[in-house]
Protein chains: 2
Amino acid sequence: MPRFRLRIEYHGGGFVGWQRQRNGLSVQEAVETAVERLVGGAVRVHAAGRTDAGVHALGQAAHLDLERDWPPATLRDALNFHLKPHRIAILEADRVADDFDARFHARHRRYLYRISDRRAPPVLELGRVWHVPRRLDAAAMAAAARLLEGRHDFTTFRAAECQAASPVRTLDRLAVTRDGDELRVEAEARSFLHHQVRNMVGTLKLVGDGKWSGDDVVRALERRDRAAGGPTAPPDGLYFVRVCYD
Amino acid sequence: MPRFRLRIEYHGGGFVGWQRQRNGLSVQEAVETAVERLVGGAVRVHAAGRTDAGVHALGQAAHLDLERDWPPATLRDALNFHLKPHRIAILEADRVADDFDARFHARHRRYLYRISDRRAPPVLELGRVWHVPRRLDAAAMAAAARLLEGRHDFTTFRAAECQAASPVRTLDRLAVTRDGDELRVEAEARSFLHHQVRNMVGTLKLVGDGKWSGDDVVRALERRDRAAGGPTAPPDGLYFVRVCYD
């Protein structure tokens, strides 16, 4: 059966996350239902990474097998038709090799976390940023973020429910930049632990507040204990930006 | 009575526009209600410009008179408290001269119009862009836009309901630029006619589609007839960005 790769955008608000769950509508269920409406049979869609409830995607990747060899542009347009009115869009469909795996063949993942640190509540960006109503020190956060780059045991930033075999990851990039009233945290790695980006952002925010120093962040990392890290940042500000393959 | 100027952000979706109307909630009514909850009496809020239903503001300006001389930051925060859960935020409050007028003293207004011309429907930007699902020629649109800059009789781009005394305006800037899958049209003038930006954008889109040339746009302008112009672009993509005062 021909295998396809999808690049998917979604607004995480209103979904229980990527993965199918009993307690509400997941992005996976909405996409699989759209595929089933198109092809008339049960189809499983495998994503590059699970996203939590409320987390957005600008470029989630997934693969699926279909019986027919659809022209990719037709498949994309037909799925978008069946996805209405959900806030999910198929940006691209591609024909890939039969052994391609969206999760295991991913070479690189990129996330973006947006923080609005102006005084007034965000109304145009409601649900799309974390609102922290006092100025954060972006330069201090950027310097602390660089201390987390590299190969480390990230247990301090790992959710208790994380199912990964090892807590060791190589964080290729963790950059903090200011754009007006907004801070943008960009994180890049081959793979991330569950809640790793949100837990790192929650910790960097303590640095931006002046409560923690860069040394405190390093000490927390070295403790290898979730209780030593800062709180988990809310899902609203997180975007799964891109997955790269060889 | 001390006079204050407000800088206001709002998401236009769900409002009947800035101005009070019988058929639904306006931004003006929501702001005036918030002020009245704060000060306990009827207060009129005067905006720099009316925006239509569905049009957003990043920086609408308005003035109002209050009996007390509120510290501006306190006024801003208190109004934001009373504006919940509306998608309206007071970005700044300032104490201004007693004869300041948000509408008549405006020296310069800036609008932004966003068009998404990718194939897939916008889901993260739903209600915030005009979706045109085929690639537009941004360079041709930019060249045609420049032909509209300057002092002209803009009757061709003026709504029938427009109440301005004269259809002559000086358009200081009309720039079209591409940013990935998005076109951004920036319009600057001392003042605009009713629907002028949306009507100009609807006409430029015909150029982007290859249906009209720059010469067609000039001929339409010279006809001084609304029927000679292109259709009105939808409100979703329009943002009232900024008002400048001396």
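Preceding block: the structure.
Here is a short report on the structure shown in this document. What you see is a predicted model; the values in this text were computed from it and never measured.

## Here we look at the interface of chain A and chain B
With 26 residues of chain A in contact, the opposing surface of chain B contributes 26 residues. Summed over both partners, the interface of chain A with chain B buries about 1,900 Å², with 58% contributed by carbon and sulfur atoms. It is Arg87(A), Val123(A) and Leu124(A) in chain A that bury the most area against chain B; as a group they hold 35% of the surface buried on that side. Linking chain A to chain B there are six salt bridges. For the salt bridge of Arg128(A) with Glu125(B), the shortest nitrogen-to-oxygen distance reads 2.9 Å. Summed over the shared surface of chain A and chain B, the number is 14 residue pairs in polar contact (both at pLDDT 80 or more). Within the residue set of the side of chain A that touches chain B, elements represented by two or more residues are strand S1 (3–10), strand S3 (56–65), helix H2 (72–83) and strand S4 (88–96) of chain A. Broken down by element, the residue count for the side of chain A that touches chain B peaks at four residues, all from S4(A). Considering only residue class, the side of chain A that touches chain B consists of 14 nonpolar, four polar and eight charged.

## Some thoughts on the relation of the copies chain A and chain B
Between the two copies of this chain, the relationship is a rotation about some axis together with a displacement along it. Once chain A has been moved 0.0 Å along the axis and rotated by 180°, it coincides with chain B to within an RMSD of 0.0 Å. The operation mapping one copy onto its partner corresponds to a two-fold rotation axis. Proximity to the rotation axis, assessed at the C-alpha, singles out Glu125(A) in chain A; its C-alpha lies 5.0 Å from the axis. When the interface residues of chain A are mapped onto chain B, 100% of them again fall at the interface, so both copies present the same face.

## Considering the packing of helix H3 (residues 138–148) of chain B against helix H5 (residues 214–223) of chain B
All names here are of chain B. Contact geometry of H3 with H5 gives a least axis separation of 9 Å together with a crossing angle of 25°. If you check the angle between H3 and H5, you find them roughly parallel. Seen from above, H3 lies across H5 with right-handed handedness. Two secondary-structure elements touch here, H3 through Ala-144, Leu-147 and Leu-148 and H5 through Gly-214, Val-217, Val-218 and Leu-221. The residue inventory of the contact of H3 with H5, partitioned by class, reads six nonpolar, one polar and no charged.

## Details of the packing of helix H1 (residues 27–39) of chain B against helix H2 (residues 72–83) of chain B
Residue and element names in this part refer to chain B. Where H1 contacts H2, the axes come no closer than 9 Å and their chain directions differ by 115°. With respect to their mutual orientation, H1 and H2 come out roughly perpendicular. Here H1 runs over H2; the crossing is right-handed. From H1, Ala-30, Val-31, Ala-34, Val-35, Arg-37 and Leu-38 reach across to H2, where they touch Leu-75, Ala-78, Leu-79, His-82 and Leu-83. For the contact of H1 with H2, a count of residues per class yields nine nonpolar, one polar and one charged.

Reading the values: rules and limits
Going along each chain's sequence as written, the residues are numbered from 1 onward. Here every chain gets a letter starting at A, and every ligand a number starting at 1, in the order they are written. Per-residue local features of the predicted model are confined to residues with pLDDT of at least 70, and side-chain atom pairs are confined, for both listing and counting, to 80 or more; whole-chain, interface and lining totals are unaffected and use all residues. Think of the side-chain values as coming from all heavy atoms in the structure, minus any hydrogens and water. In this description, contact between two residues means that some pair of their heavy atoms is separated by no more than 4.5 Å. Accessible surface is computed with a 1.4 Å probe, and the buried area is the amount of it that two parts give up when combined, taken over both parts together. Any carboxyl oxygen of Asp or Glu that lies within 4 Å of a side-chain nitrogen of Lys or Arg is treated as forming a salt bridge with it. A 3.5 Å cut-off defines polar contacts: any pair of N or O atoms within that distance qualifies, except that in protein one atom must be a possible hydrogen donor and the other a possible acceptor, and neighbouring residues in sequence count only when both atoms are side-chain atoms. Working definition: helices are DSSP H or I runs of at least four residues, strands are E runs of at least two. Numbering for both runs from the N terminus. Residue polarity is assigned by list, with Asp, Glu, Lys and Arg as charged and Ala, Val, Leu, Ile, Met, Phe, Trp, Tyr, Cys and Pro as nonpolar; anything else, Gly included, falls into the polar class. Residues reaching a pLDDT of at least 70 in both copies supply the C-alpha atoms on which the copies are superposed by least squares. Axis definition: a line fitted to C-alpha atoms, over the contacting stretch in the case of helices. Angles run 0 to 180 degrees between N-to-C directions. Geometric relationships in this document are graded by angle, where less than 35 degrees denotes roughly parallel, more than 145 denotes roughly antiparallel, 65 to 115 denotes roughly perpendicular, and other angles denote oblique. Throughout, a crossing is termed right-handed when the near helix is turned clockwise from the far one, and left-handed when it is turned anticlockwise from it by less than a right angle.

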